[in-house]
Amino acid sequence: MRALKSLALTLSRPALAASLLALGGTGFAASTTPIATIESATTDGSASSSVFQLSVTSGQLANALTTSSDIELSVSIAPQRSHRGLVGDVYSVVVADGKFFKLTQDGSYSPWDGSIEDLTPFATNQNLASTNSFTLLDGKMAAPGSYLYFVAYGVEGESRLLYTPDPAQFAVTESSSLPDDSTSQAAETFEAELETAVVQEKCIQCHVEGGLARNSSLQFQRTNTASALNNFAALSAFVEEKGADLLLAKITGGEGHAGGMQLSQDSDGYQAFERVLAEINALENPTYYAFNGAGDGAGARQASFLTEVTLEPRAATLRRATLLLQGRLPTRLEQEAVVSDATLRSALRNLMQGPAFREFIVTSVNDRLLTEGSSNTLNTAYSHFLKLHNHKASESINDTGSLVEGKVHEGLRRTSGELVAYVIENELPYSEILTADYMMMNNTMNTWLEGTASFSPDEGDEIFKPSVVQGYYHNDALEEVEFRENSNSTYRAIGEPLQNFPHAGLLTDFGFLSRYPTTATNRNRARARWTFYHFLGIDIEKSSQRPTDEASLSDRNNPTMNNPNCTVCHALLDPVAGAFQNWDEDNFYRGNGTDALDGFYKYPQDGSRSPYRQGDLWYRDMRAPGLFDQKITERETTLRSLAELIVAEPAFETASAAFWWSPVFGKPLLDKPAVESDNGYAAKLAAYRAQQDAIESFSGALGPQMNAKDMLVDMFMSPWFSGETVTSYAFDSAHFESKFGSDQLLTPQQLARKTRALTGVAWRTRPRPSGREDSYYDELAVLLGGIDSEAVTSRAIELTPTMASILMTHATESACVAVARQFARPAGERSLLSLIEESTQPQVDAFEQLTLPSKNENDWQTVAMDAELTPGLREVALTFTNPECDWDGSQCVEQRVLWISSLTVIAPSGQRLTYQGNDTRIYPSNEWRNGGNQNCHTGGDGLGHCYGGEIKFELNARESGKYRIEAVLAGRLMPSKPEFLELAFAVKTKAPILSLSTPNAQLIKKQISQLYEKLHGTLRAPDSDEVAQVYEIFAAALLAEQEGDGSDWEFENCQVWNDGYYDWDLLSKEEVESYKSVPPGGDWYQDDWRIKGQLLHKFTQDPIGTKYAWTAVMMYMLSHYDYLHE
Amino acid sequence: MKTRRDFLKLASLAPLATAFPLVGEAATPFSGKFVVTVQARGAWDVTCFCDPKENQRGELPITAWSKNDETQTAGNIKYAPFANNEAFFRKYADRMLVINGVDSLTNSHSIGETVNWSGRTALGYPTLTAMYSAAYAPNLPMSYVTFGGFNRTENLVRATQLGWSVNNIAELLRPNYDNDRSMIDSELWSLVKQLHKNDTQSLIESAPLTAGNRSAREAYLSSLRNMDPLGEFADMLPARDEWEPNSSNGNLKQQAQFTIAAFKAGVSATADLTQGGFDSHENNDSEQITNLNELTAGIDYLWEAAEEAGIADRLLVIVGSDFSRTPYYNSAQGKDHWSVGSYLIMEKGKAYTNRYVDGSDEGQNAIKVDPETLKPSGFGTKMVTSHVHTALRDYLGLSNSELVSGFPFIDTQKFNFFSNT
């Protein structure tokens, strides 16, 4: 296991803030309770009369302490009279969880081995008075339990120690959250004297999300039910970081306070600040005491959200990241290269390239921008994209028009993700996601939007390249050439297309613009709102609560400009909306050729006078374009200007890290908890703060080059990705709130890639002739925990019975196909079942598959196999593995039949035992349940006849050595399918299967062990309980199949058609083409199953039940938690 | 079928297989009310629906329909002569409690959804339906069904999120079965699942997992324990060609079909249905007509399906939106956001229905209402969503639940919405 190296030795800000946040609540005023008064004993047995009194001071009663209680344990020593005035050393020892720890001079605890020699004082050279008080701990206990405290002292000149023969004991129980219930005078003063009168009145004007002082580390919340509490926390954090003096100076206009003087030193507000700051200063940082005996030096240490976390092994991180980013397992070389954190970082970085990585990026970007939910990315009813429009308009004479349009729409829904992927993969500055003066196009888009990229004819639409639109026309550059009623008219260009199309990265992405459309009254505010949210991390809708008094909102004097209740948000929002001024509701750049203003504004329908003036690009009754306090005066490429302003903001970097939180960690980023009285508020706040701290750290990794790979590597290396276990539950509640941990429920697409990569199975996925794919992973996205980018926009992160049920169906339907795929190839070429053969069964001593070269029932052939046996009872089975009947509804018109003349066993000594073909001992005694018809039976001609199934007989081997089994057989072939008969010989041990330790049994267990590693990423030894358990599944399935009715030469109900690539992967191109056809104008395949079935039949034949048994194992593996999560 | 298998005997030998029982995991049958919310997303215009407003002299037109028409009444319920309202209100007036004049305290869609369906503007509270499921039916396989919209559970219960593909689900809820044929022996498959349960339980108990990892495993374990009834439920779902078609703005009827089937099958207790498309900043009336028609048709379908399934007497339906729309048209004949909206609460055979709480004035402003008489009163209280949620919690017996006590509404006036008189 990898231990987290950086134990936080200074209390992190979240912990302080959490402690400071305690306001009122359920706490008691701190009180001191004696817990033990103990008379001294001595180490040499001599008499003594000193007294130790131990007391607990806490906000809780001494018998109700929890892991969230602040506890001060003190001892008061009343030395015996002879020791008063002397100098002494004082010792203390605690027993926690059966282990001893001694208090050291720095206030921490370290392990004590129990010997006097190892005991060291925590206080030395103390002048002993009649009473002497010492603090033994002051903080919180990290774990629940019972703590036994001993105290001792010694004086100079004496070799003995005086100590407490009995311990003082106190118990601590688990807290359900992380509250600090102590009353905070500072918080009370703040709420009473500063929150309303000063903070909401003055500070909030600038020190608020999106305000002029947005980059200050002091940010307040506007009034809501929790603002006092949160604002107090914000103030406390600022003071901790910058100091009280700086705050007081800025309040009075000093230290370059941009807001000038807000309070004079003689004002009530200033004095209230002084009091609050003094009270904050009086609060101490809490210390968490953890006594876990870990090897890194157990004892008192300050804990935080991450310090008690143990990371998964590096190999696990590599595996999970590889599956996430590449949809495959790490190669052996990749695994072997990871020997340190540095090499792991390097390996992770190397994963950030290629098509699978780009797919990860595209999916992740859509999870945020939801562009897949765009209904109409490009309005081709209008003629601005002339070439595409005319092609679509000619649909009645060219039915590819709508097909092309569909492809363009499909591409446009991906372009946002493709742009981000291009920027990241090529290590361009991440800011280019907004500033790019190009967009990404595939071949189809490039053709019809007349882009500047170059594509060779063989490059498919999965390839995207930077390109600039060159086929966009304003209205006045077009002329109608054919009017077409009830359809789109066609146009021709009479002017030039737009030069320098004003691309601005994601801001002008057609998917983004159409996902957040504008209207005559919305006026790009939705686009602005999401721009703030995604790229600056500001959620404007949550930044201010609307007043409840409707009178304050009832004015109609342009309230977004003039009503303070509205301007609080709109002052921030509307300038950014203004930056979208050139983009209209159809996502066109100045669609009418002059502006993108709506007609209702320019030409009011009620005849009123519009403020519009010729040449205006933006509404005169809204704020001018800009961002915060910066104006955008340039008129043509306003979004590019906006992009430049955004990426210059520090918040862009943190927003960038926040953007990638969910895709990397598979868990949502928490909203800031708003209400202090909520259940688990402290835990939620602690989790939120820990996430924000992490985001701050990750964003720093972007560096001056703004290299997103550096940031992503940091994220994958962090405990947020790989925290697996904990060494204490001190932060369990906060961990729970953030769902902290390494396990991620695979998204439908991740599961699809994993199953395809590991098993080969493309579950319910089918290719189309066009190269597109139909996939249930996409179709069932929401049912599998995914999103539809419309109504359902957040992924499920934990299973429900419904999801589990569907995923189990995924497992059961995939398992048999996966096994068939494995056995279709030689063992050496298999990805999963590479250690075993079909004949590898626990009971089998020897196995051989044979072709009987007999051409008719008179063509007798002798076939034989050898078996190396030890003495013991065996069973010999001869199985007819390719029976077939051409059934016309009443009889077999043609049928293969096996004729048995004799079976002979030749012992090593040469002794022979022969059964004639009609010997009843070689037929199972009426076990057949195949409609009452035997598949093998004796014939009146003295021969045995088999139409399928197998015959068996017992072999009692009395010698060791090579046995030979011969059979004299003949076969009737089918004229229409003249293949020879196929047979299998097997010699099996008759001992109970679970007790067998044959080489085959060992091999099977080894194979199971390897499946664990490959499919789950877990190491299970072949002799482990887990492997034994799965081996039993194998054995049970095998027995069940072998005791079956003989009709199951194929899997029971194995639905190979659920795997759309099954035949493509297992058959040659010529074979596939022999039965596939494409209907005219269609984009799907038709299969002739008469041919296809014949070709695929062999892969699902299972004459001895091995495939069935491995199918059961595979079902276990594919439905396991460890398969469904990474 | 095969001969009697040995594998259960084999399994009993497995060291980990005997740790937990093979049986006894069935959930207690649920016999309470079924609670459905219908979320009209995007903000409906209640002046064209259940809070009809007529144009006032000297004021901007509030509704176009009132130029030529008057407010209609069905039973005690007023409604706007708009869309297909007449048929809907006449059919269901006796099952309706209409609460008009509820202030959502916001003009923001996301906060509007939050406050209407959790009862407060700040995140951190679950939906009423999530609470109800957690309190009364936590172990049903899909106790709380949601089709999107606001569906926070605050970890009380795991929501079953469904989308557009409900018509595909039936064939996927019976693992190991294709039609009636199993892929491996059904007893063997049961053994596999049992081993999964045992393994997971053991790991949860023995390993010091992080809370997130532990929670994910608990979800897996819980899912395994509660999934079996879904097989029978699958048989009760419509065949592929029996599903109602999608409409222009959603699949509300399909959602209703699924929900009633889930209730009937005993696998679900609550559901949040959604229909989008109400955000009519342009051409308000035509947008609202389309969407109100689909909404009322969907609700009607829900009730009809419930009747057919024999569970209409146990059904409680709560219809609401993000908020409402302005009491005047904008320049694009649309309407923008307005915080004062309505709830429609429906139940069959109750004394509190056929009741109309008139909490808004002629200009669609919230007015004070006497909490006891539910009549406008200068001494009353303006209604906010927490009032409605408090009353619903009381009515559903949730208020005293320990589970729910963690989500209190502070100092909320009690409104007597569900009185029998």
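Residues numbered from 1 in each chain as written. Chains lettered and ligands numbered in written order. Predicted model: local features only at pLDDT ≥ 70, side-chain atom pairs only at ≥ 80, totals over all residues. Heavy atoms only, no water.

### A look at the overall build of chain A
- Helix and strand counts for chain A come out as 36 helices and 39 strands.
- Within chain A, counting contacts between residues at least 6 apart in sequence, those at least 24 apart form 70% of the total.
- Summed over its atoms, the accessible surface of chain A is roughly 44,500 Å², and 48% of this surface lies on carbon and sulfur atoms.
- Averaging the positions of the 91 positive and the 147 negative side-chain charges in chain A gives two centres separated by 3 Å. (Helix = DSSP H or I, 4+ residues; strand = E, 2+ residues; numbered from the N terminus. Contact = heavy atoms within 4.5 Å. Areas by Shrake-Rupley, 256 points an atom, 1.4 Å probe, with all protein chains shown as cover. Lys, Arg positive; Asp, Glu negative; His and termini not counted. Charge placed at Lys NZ, Arg CZ, Asp CG, Glu CD.)

### What to know about the overall build of chain B
- The helix and strand tally for chain B stands at 10 helices and 16 strands.
- Here the C-alpha radius of gyration of chain B, 24 Å, is about what a compact globule of 421 residues would show, namely 22 Å.
- If one aligns the C-alpha atoms of chain B with their principal axes, the spans along those axes are about 85 × 50 × 40 Å.
- Looking at chain B as a whole, 62% of its 421 residues are labelled buried.
- Taking as baseline every contact in chain B between residues at least 6 positions apart, the subset at least 24 positions apart corresponds to 71%.
- Within the structure as shown, chain B displays about 15,100 Å² of accessible surface, and the carbon and sulfur contribution to it stands at 47%. (Rg over C-alpha atoms; globule rule 2.2 N^0.38 Å. Buried < 20%, exposed > 50% of the residue type's maximum accessible area, 1.4 Å probe, protein only.)

### A look at the environment of A:Gln262
- You can see A:Gln262 is positioned in the loop between helix H4 (244-251) and helix H5 (268-282).
- Beyond its immediate sequence surroundings of up to four residues, A:Gln262 is in contact with A:Lys202, A:Ile251 and A:His257.

### Description of unusual backbone geometry
All names here are of chain A.
- Backbone geometry places leucine 370, a non-glycine residue, at a positive phi of 60°.
- Positive phi values are uncommon outside glycine, yet arginine 590 reaches one of about 45°.
- Topologically, arginine 590 is positioned in the loop between helix H18 (564-579) and helix H19 (599-602).

### A look at the pairing of strand E13 (residues 340-347) of chain B
Residues and elements named next belong to chain B.
- Counting buried residues along E13, eight of its eight residues qualify, which places the element largely inside the surrounding structure.
- Burial along E13 is two-sided: the face carrying Val340, Ser342, Leu344 and Met346 and the face carrying Gly341, Tyr343, Ile345 and Glu347 are both buried.
- Both strand E4 (residues 96-103) and E13 contribute to a ladder of seven bridges, which runs antiparallel. When the bridges of E13 are listed, leucine 97 appears paired with isoleucine 345.
- The pairing of strand E10 (residues 315-321) with E13 spans four bridges and is antiparallel. In the sheet register, valine 317 faces E13, and the bridge partner there is methionine 346. (Pairing = 2+ DSSP bridges.)

### Here's the deal with helix H10 (residues 386-393) of chain A
- With seven of eight residues buried, H10(A) lies mostly within the body of the structure.
- What H10(A) keeps buried is the set A:Leu386, A:Leu388, A:His389, A:Asn390, A:His391, A:Lys392 and A:Ala393.

### Structural notes on the pairing of E10(B)
All names here are of chain B.
- Among the seven residues of E10, seven are classified as buried, and the element is accordingly described as predominantly covered.
- Burial along E10 is two-sided: Leu315, Val317, Val319 and Ser321 and Leu316, Ile318 and Gly320, pointing in opposite directions, are all buried.
- With seven bridges joining them, strand E1 (residues 34-40) and E10 adopt parallel strand pairing. Across the sheet, residue threonine 37 finds its bridge partner in E10, namely isoleucine 318.

### A short note on the interface of chain A and chain B
- Counting residues at the interface gives 89 residues for chain A and 98 residues for chain B.
- Overall, the association of chain A and chain B removes approximately 8,100 Å² of surface from exposure, summing both partners, and the carbon and sulfur fraction of that is 55%.
- Here chain A and chain B share five salt bridges between them.
- For A:Glu798, the salt bridge goes to B:Arg158, with nearest N and O atoms at 2.8 Å.
- Put simply, chain A and chain B have 33 residue pairs in polar contact (both at pLDDT 80 or more) between them.
- When residues of the side of chain A that touches chain B are traced back to their parent elements, those giving at least two are helix H16 (540-543), strand E23 (723-726), helix H26 (732-737), helix H28 (776-779), helix H29 (801-823), helix H31 (1025-1042), helix H35 (1106-1118) and helix H36 (1121-1124) of chain A.
- For the side of chain A that touches chain B, the element with the highest residue contribution is H31(A), accounting for 10 residues.
- Split by residue class, the side of chain A that touches chain B holds 35 nonpolar, 25 polar and 29 charged. (Buried area = accessible area lost by both parts, 1.4 Å probe. Salt bridge = Lys/Arg side-chain N within 4 Å of Asp/Glu carboxyl O. Polar contact = N/O pair within 3.5 Å; in protein donor to acceptor, adjacent residues only side chain to side chain. Nonpolar A, V, L, I, M, F, W, Y, C, P; charged D, E, K, R; others polar.)

### Side note on the environment of B:Gln201
Residues and elements named next belong to chain B.
- By the element assignment, glutamine 201 lies in helix H5 (residues 186-206).
- When its relative accessible area of 12% is taken as the criterion, glutamine 201 is described as buried.
- Between the C-alpha atom of glutamine 201 and that of tyrosine 220, which follows or precedes it by 19 residues, the distance is 9.9 Å.
- Looking at glutamine 201, its side chain comes within polar contact range of the side chain of glutamate 205, at 2.7 Å.

### Observations regarding the sheet that holds strand E37 (residues 981-989) of chain A
Residues and elements named next belong to chain A.
- One open sheet holds the four strands; their spatial order is E26-E37-E28-E35, and the pairing between them is antiparallel. The open sheet is flanked by strand E26 (844-852) and strand E35 (950-957), the only strands paired with a single partner. Taking the axes of each pair of neighbouring strands and ignoring which way they run, one obtains an average angle of 15° across the sheet.
- Sheet topology note: the E26/E37 ladder contains eight bridges and is antiparallel. (Axes fitted to C-alpha atoms, helices over the stretch in contact; angles between N-to-C directions.)

### Quick notes on the nonpolar core
- If you look at the biggest cluster of nonpolar residues, it comprises 182 residues, and the most contacted ones within it are A:Trp1110, B:Ile99, B:Phe233, B:Phe258, B:Leu295, B:Ile345 and B:Phe417.
- Counting residues per element, this core draws most heavily on H29(A), at 12 residues.
- Excluding anything up to four places from it in sequence, B:Ile99 contacts B:Gly341, B:Ser342, B:Tyr343, B:Ile345, B:Val357, B:Met383, B:Val388 and B:Phe417. (Core = buried A, V, L, I, M, F, W, Y, C linked by side-chain atoms within 4.5 Å.)

### Things to note about the packing of aromatic side chains
- Enumeration over the complete set of coordinates arrives at 64 aromatic pairs over all chains.
- Among the aromatic residues, ring-to-ring pairing joins A:Tyr382, A:Phe385, A:Tyr472, A:Phe501, A:Phe510, A:Trp583, A:Phe588 and A:Tyr589 into one connected group.
- Sitting above the plane of the A:Phe455 ring, A:Lys465 keeps its charged end 4.6 Å from the centroid.
- Lying over the aromatic face of B:Tyr125, B:Arg120 brings its terminal NZ or CZ to 3.8 Å of the ring centre. (Phe/Tyr/Trp six-rings, centres within 6.5 Å; stacked < 30°, edge-to-face > 60°. Lys NZ or Arg CZ within 6 Å of the ring centre and 35° of its normal.)

### Section: the state of the cysteines
Residues and elements named next belong to chain A.
- This structure, assessed with the given rule, holds three disulfides over all chains.
- Linked covalently through their sulfurs, cysteine 816 and cysteine 1054 form a disulfide whose S-S length is 2.2 Å. Judged by the torsion about the S-S bond (100°), the cysteine 816/cysteine 1054 disulfide is right-handed. One end of the pair, cysteine 816, is in helix H29; the other, cysteine 1054, is in the loop between H31 and helix H32 (1062-1066), with 238 residues separating them in the sequence. One exposure class covers both cysteine 816 and cysteine 1054, and it is buried. (Disulfide = S-S within 2.5 Å.)

### A short note on the side chain of A:His810
All names here are of chain A.
- Structurally, the position occupied by histidine 810 is in helix H29.
- Judged by its relative accessible area of 0%, histidine 810 falls in the buried class.
- A polar contact is formed between the side chain of histidine 810 and the side chain of tyrosine 777, at a distance of 2.8 Å.
- Those residues in contact with histidine 810 that sit more than four places away from it in its chain are Leu751, Thr755, Trp763, Tyr777 and Tyr1123.

### Thoughts on the packing of helix H6 (residues 314-326) of chain A against helix H8 (residues 341-350) of chain A
All names here are of chain A.
- Put simply, H6 and H8 touch, their axes get as near as 10 Å, and they point 5° apart. The pairing of H6 with H8 is recorded here as roughly parallel in orientation. Note on element contacts: H8 touches H6 through Asp341, Leu344, Ala347 and Leu348, opposite Arg314, Thr317, Leu318 and Ala321. (Parallel < 35°, antiparallel > 145°, perpendicular 65-115°, else oblique.)

### What to know about the pattern of salt bridges
Residue and element names in this part refer to chain A.
- All chains considered together, the criterion is met by 75 salt bridges over all chains.
- One salt bridge connects arginine 821 with aspartate 1065, and the closest N-O pair in it is separated by 2.9 Å. With arginine 821 in helix H29 and aspartate 1065 in helix H32, this pair connects stretches of sequence that are 244 residues apart.
- For arginine 821, a relative accessible area of 8% translates into the label buried.

### Let's talk about the confidence of the model for chain B
Residues and elements named next belong to chain B.
- Of all residues in chain B, 93% attain a pLDDT of 70 or more, and the chain-wide mean is 89.
- A low-confidence stretch, residues 1-26 stays under pLDDT 50, and its non-local contacts, those more than four residues away or across chains, total 51 contacts.
- Confidence estimates for the predicted assembly give a pTM of 0.79 and an ipTM of 0.89. (pLDDT = per-residue confidence, 0-100.)

### Let's talk about helix H6 (residues 211-226) of chain B
- The end-to-end C-alpha distance of H6(B), which contains 16 residues, comes to 22 Å, matching closely the 22 Å that a straight helix rising 1.5 Å per residue would cover.
- Within H6(B), 13 of the 16 residues are buried, which leaves the element mostly enclosed by the surrounding structure. (Expected span 1.5 Å × (residues − 1).)

### Remarks on the environment of A:Asn1058
All names here are of chain A.
- The residue asparagine 1058 is located in the loop between H31 and H32 in this model.
- Owing to a relative accessible area of 7%, asparagine 1058 belongs among the buried residues under this scheme.
- The spacing of asparagine 1058 and tryptophan 763 is 295 residues in sequence and 5.7 Å in space, taken between C-alpha atoms.
- Those residues within four positions of asparagine 1058 in sequence are excluded, and the remaining contacts are Ala762, Trp763, Arg764, Thr765, Arg766 and Glu813.

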